[in-house]
Amino acid sequence: LSTQVRRTRLSFATSAGHQQPSGALQPSAAGVEGAPGNHQTLETFVAFLQSHGVDITKFGKNSAMAIEDFYKAVVINRQCHLDVVAINDEAPQLERIVALVRVSMRARDPMGELRELRLASTAGDEASAAADLRPTGVSQPLTIIMEDGEHNDWQQALEQHFATTFKVARGAQAECFRCEPDQNTYKEERSSSEILPDIVTTYKSHNVILEVTDVTHEIMGSLGLPTCTDFTTKGRGGSTSRWTWVPLETHKEDQLMEMLLAHGVEVNDFSPNAFAELYDELYERKISSLELVGRELVRTIRVIKVEVHANIFGVEHKLVVKAKYQKGICDDRDAGSPVTMRMSPEQEWQDAAVDALTLRLGFSPEMQKDHLFVDSMSHDVTEEIAYSRTYPGLKSIYEVNKVRAWIMDAQEGRLSAIGLPSATDFTFARRERNSRVAGEGDLVVTQWGWSLSMKQGQATVVARTQSAMDAPQKRRMSTELRPDDKRRVPSLPVEGASSKPYDAKAKPKHKGLPVLCNIMRGKETNWDRARIAATRILDHDYTCKAYHDDITAAFPELSLYCVEDAAEATTCGRTADDEYQRTI
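The following paragraphs examine the structure supplied in this document. Note that this is a predicted model, so its numbers are computed, not measured. Once a new chain begins, its residue numbering starts again from 1 and follows that chain's sequence as written. It should be noted that, the model being predicted, local features are given only for residues of pLDDT at least 70 and side-chain atom pairs only at 80 or more, the latter also being counted only at that level, while totals for whole chains, interfaces and linings use all residues. The basis for every side-chain value is the complete set of non-hydrogen atoms in the structure, without hydrogens or water.

1. Concerning the overall build of the protein
Strands are runs of DSSP state E lasting at least 2 residues, helices are runs of H or I lasting at least 4, and numbering of each runs from the N terminus. The secondary structure content of the protein amounts to 12 helices and 21 strands. Across the 584 residues in the protein, those meeting the buried criterion constitute 45%. When contacts within the protein are restricted to residue pairs at least 6 apart in sequence, long-range pairs at least 24 apart make up 66% of them. Only the protein chains shown count as cover for residues, and all accessible areas are computed by the Shrake-Rupley method using a 1.4 Å probe. Accessible area for the protein stands at about 30,200 Å²; split by element, carbon and sulfur atoms hold 50% of it. Whether a residue is buried, partly exposed or exposed follows from its accessible area with a 1.4 Å probe, protein chains only, as a fraction of its type maximum: under 20%, in between, or over 50%, in that order. We call two residues in contact whenever any of their non-hydrogen atoms come within 4.5 Å of each other.

2. Thoughts on the pairing of strand β8 (residues 200-212)
Two faces make up the sheet, and in a regular strand the side chains alternate between them. Most of β8 is tucked away: 10 of the 13 residues are buried. In the sheet, strand β3 (residues 93-108) pairs with β8 via 12 bridges, with the strands oriented parallel. Residue pairing for β8: L100 is matched across the bridge by S205. Summarising the sheet, strand β6 (residues 177-179) and β8 pair through three bridges and their orientation is antiparallel. Across the sheet, residue R178 finds its bridge partner in β8, namely E211. A pair of strands is labelled paired if DSSP reports no fewer than 2 bridges between them.

3. Focus: the nonpolar core
Generally speaking, soluble globular proteins have nonpolar side chains that are buried together. Here, the term nonpolar core denotes a set of buried Ala, Val, Leu, Ile, Met, Phe, Trp, Tyr and Cys residues that are joined through side-chain atoms within 4.5 Å. I304, V306, I407 and W450 are the most contacted members of the largest nonpolar core, which totals 32 residues. Elements with a minimum of two residues in this core: β12 (296-312), β13 (315-326), β15 (339-343), α7 (349-361), β16 (372-387), β17 (395-407) and β19 (442-452). Ranked by the residues each element gives to this core, the list is headed by α7, at six residues. Beyond its immediate stretch of four places on either side in the chain, V306 contacts P338, V339, A353, L357, V403 and A405. Core analysis: the second largest hydrophobic core is formed by 30 residues, L158, F166, C228 and W243 among them.

4. A few points about helix α12 (residues 576-583)
Within α12, the full set of buried residues consists of A576, D578, E579, Y580 and Q581. For α12, the secondary structure elements touched by its buried residues are β13 and α11 (544-554).

5. Re unusual backbone geometry
In this structure, P226 follows L225 across a cis peptide bond, with omega equal to 10°. Relative to the assigned elements, P226 resides in the loop between β8 and β9 (231-234). Residue P421 is bonded to the preceding L420 through a cis peptide linkage, with omega at 10°. Here P421 lies in the loop between β17 and β18 (426-432). The phi dihedral of R78 falls on the positive side, at around 55°, and the residue is not glycine. Along the chain, R78 turns up in the loop between α2 (67-76) and β2 (81-87). Phi is positive for K286, which is not a glycine, with a value near 55°. With respect to the secondary-structure elements, K286 resides in the loop between α6 (274-284) and β11 (288-293). Residue classification places K286 among the exposed positions, given a relative accessible area of 54%.

This is the structure in structure tokens:
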């Protein structure tokens, strides 16, 4: 009661009907981008935030919202506004104000059971023009974000939403809906989030109970009545929302949401279906837990990471993620990561490693037993603490189980599905299903690649012990990774440098010619030798040496791989000699 709050309304996305304090900027007109009077540009918006002490460089990093999205929510779509707030004698700071109407819409089904309308799922290229503001996921109550200018009239916002989204005219609403004012409540919640750096958010929530008095009215068919069947609606940006009527009872989803909001985790900032995924993770699959540490809610989850290594042409490589495609978005934030998957609390790391390789690479347990060596001595457990990217604002403790695995014979033909033996990139697609979200689940396509795991010329000594996964193996690997001369063809001599490799820094043999022209001067493809290789390759008496001699004689440009310092000319990160071995 002793706290004194002074608010000064700012100009961005305000309605012309609001009174502005003296000295405030003139309000922009309501409406969408390009409407008359809407003169606030992104540059002006950024300058305005900076003038009020907001660090713009924090936006768009980690879990923070991109500044363009914040501009769109405030200025273009007008789904929130900014105030300058001074609490007691503290320095004034910016505050985002979001006004909501949460509606418990109730109707009786043909059996007389009371049901409530809930949002089952949201899908689309752009789930919402304010996907970063709107609660989405499974079994959420109807939530309306009031546009600026409606903040003082939640009834107008409610009527407008039913008219535009559910196609129920205002006259029909008056006939078929009943709202008891004494059952409505109002609540304000103030919290900080990683989503909006340096800006506090206040949620002003009107909680309304709306009863359908005439379920047989013809216009109620757009709401799935009178049979209480599921139905869909179209939203902004082409999104599709699926609605369902559920029996009215105490919902665990509501309890989870209240717990998150009470501890400063803004569920309204979750991406579409993220809340459903968190619920599934906590209560269905039970692979994570929530507990209160001090005054902060902390999520704990176990993770398995399998580093897959292979000796390719005598050089150690490791398998890493290059990019991930999910929900129509390319995400390269996990680039360079090994095979990673969440694991249940009771699961042994050995079983989790088998599951991760199977579900993330399609590498079956039988293939793993035949071609993979898991170094149990390399198993290590670490703890990482970070704010979740999937659930912004929720601090998470990751118990990471890391282990190395080795491909025993990278030349095995059956390993072509994972890019061996030539170390080529490959992709693997899978479906991530959620028991509480309708449909086949999200399609996740991961691009994998083999990268050098050490500097060229360095040898790695690895103590190898029996795998904890399999029965004792008769086959053992070399204890030292070094190039195998028997598996490497000799380098080609380059004309102009006798028996030594050509020195790119040396003076050209023919004055005035670049290095490439100098090396290839007077050389042509020998098609006779190429045809010999092509026609005799199936002959039993046609040896590998004869094939090598024909190929190198046919294509003189192969010698370019053998130019000294050519490693700097390759774009793949491998040495020129590695590329030469792969090509042959």
